[in-house]
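Understanding the architecture of this molecule
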Amino acid sequence: MVNSKLKGNLIMKKSTIVATFISDVQKVWDVVTDNNNCSWRSDLSGIIISSDSNNFTECTKDGFKTDFSITLKKPYEQYEFDMKNKNMSGHWIGIFSQSGTGTRIEFTEEVEVNNPIMNLFVKFYLKKQQEAYVNDLKRELGE
């Protein structure tokens, strides 16, 4: 699901992905929130963690950096952070819940893009990025 809303003069783009995993919620949570291991992510070359561990920077394989600041970490339930790079800023919410013996995730990303031309393509980019993330996560979980 992708939609938009106006924030000031910038349009916020929002994209949500929902997926279910066979793995239990603790295992899914541990993989998603472990910023010391990003080897399973097909889009990243590394993560730099600040000394306070609430801030980190993801580096793509192309060398592009995005800064993150964790705003909520409620184990096995909810994980949130603000994010910012030279092209956009936004907020990410991850909801984790037990689904039978497995786990249901609902990840929502809401961004505002600085460049009006990029704004035309950001909803497609978000959806593609979320799908790749879920596929990488399934592979890491052995599913």
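Computed from a predicted structure; not experimentally measured.

A word on the packing of aromatic side chains. For the structure on display, the rule yields 13 aromatic pairs. Measuring from centroid to centroid gives 6.0 Å for Tyr 79 and Trp 92, while their planes differ by 75 degrees, and the two rings are edge-to-face. Placement of the pair is Tyr 79 in strand β6 (residues 78-84) and Trp 92 in strand β7 (residues 88-99), with a sequence separation of 13 residues. By the burial criterion, Tyr 79 is buried, and Trp 92 matches it. Grouping aromatic residues by their ring pairs yields a cluster made of Trp 29, Trp 40, Phe 56, Phe 68, Tyr 76, Tyr 79, Phe 81, Trp 92, Phe 96, Phe 107 and Tyr 133. The ring of Trp 40 carries the charged tip of Arg 41 above its face, separated from the ring centre by 6.0 Å. Across the ring face of Phe 21, the terminal group of Lys 138 is positioned such that the distance to the ring centre comes to 5.8 Å.

This paragraph deals with the pairing of strand β5 (residues 65-74). Direction of pairing for strand β4 (residues 55-60) relative to β5: antiparallel, over a ladder of 5 bridges. Residue pairing for β5: Phe 56 is matched across the bridge by Phe 68. Between β4 and the antiparallel strand that follows it, β5, lie 4 residues; Gly 63 among them carries a positive phi value of about 90 degrees. Two strands pair when backbone bridges link them, and β5 and β6 are joined in this way by 7 bridges, in the antiparallel orientation. Directly across from Ile 70, in β6, lies its bridge partner Phe 81. What sits between the antiparallel neighbours β5 and β6 is a turn of 3 residues, in which Tyr 76 has the positive phi angle 65 degrees.

Turning next to the pairing of β6. Two strands pair when backbone bridges link them, and β6 and β7 are joined in this way by 7 bridges, in the antiparallel orientation. By the bridge assignment, Met 83 is partnered in β7 with Gly 90. Hairpin connection between β6 and β7: a loop of 3 residues separates the two successive antiparallel strands.

Even without being glycine, Ser 53 reaches a positive phi, approximately 60 degrees. Mapped onto the elements of the fold, Ser 53 is located in the loop between β3 (44-49) and β4. Its identity is not glycine, yet Tyr 76 carries a phi of approximately 65 degrees, on the positive side. With respect to the helices and strands, Tyr 76 occurs in the loop between β5 and β6. You can call Tyr 76 partly exposed: its relative accessible area is 34%.

Conventions and cut-offs
- Residues numbered from 1 in each chain as written.
- Predicted model: local features only at pLDDT ≥ 70, side-chain atom pairs only at ≥ 80, totals over all residues.
- Heavy atoms only, no water.
- Phe/Tyr/Trp six-rings, centres within 6.5 Å; stacked < 30°, edge-to-face > 60°.
- Helix = DSSP H or I, 4+ residues; strand = E, 2+ residues; numbered from the N terminus.
- Buried < 20%, exposed > 50% of the residue type's maximum accessible area, 1.4 Å probe, protein only.
- Lys NZ or Arg CZ within 6 Å of the ring centre and 35° of its normal.
- Pairing = 2+ DSSP bridges.

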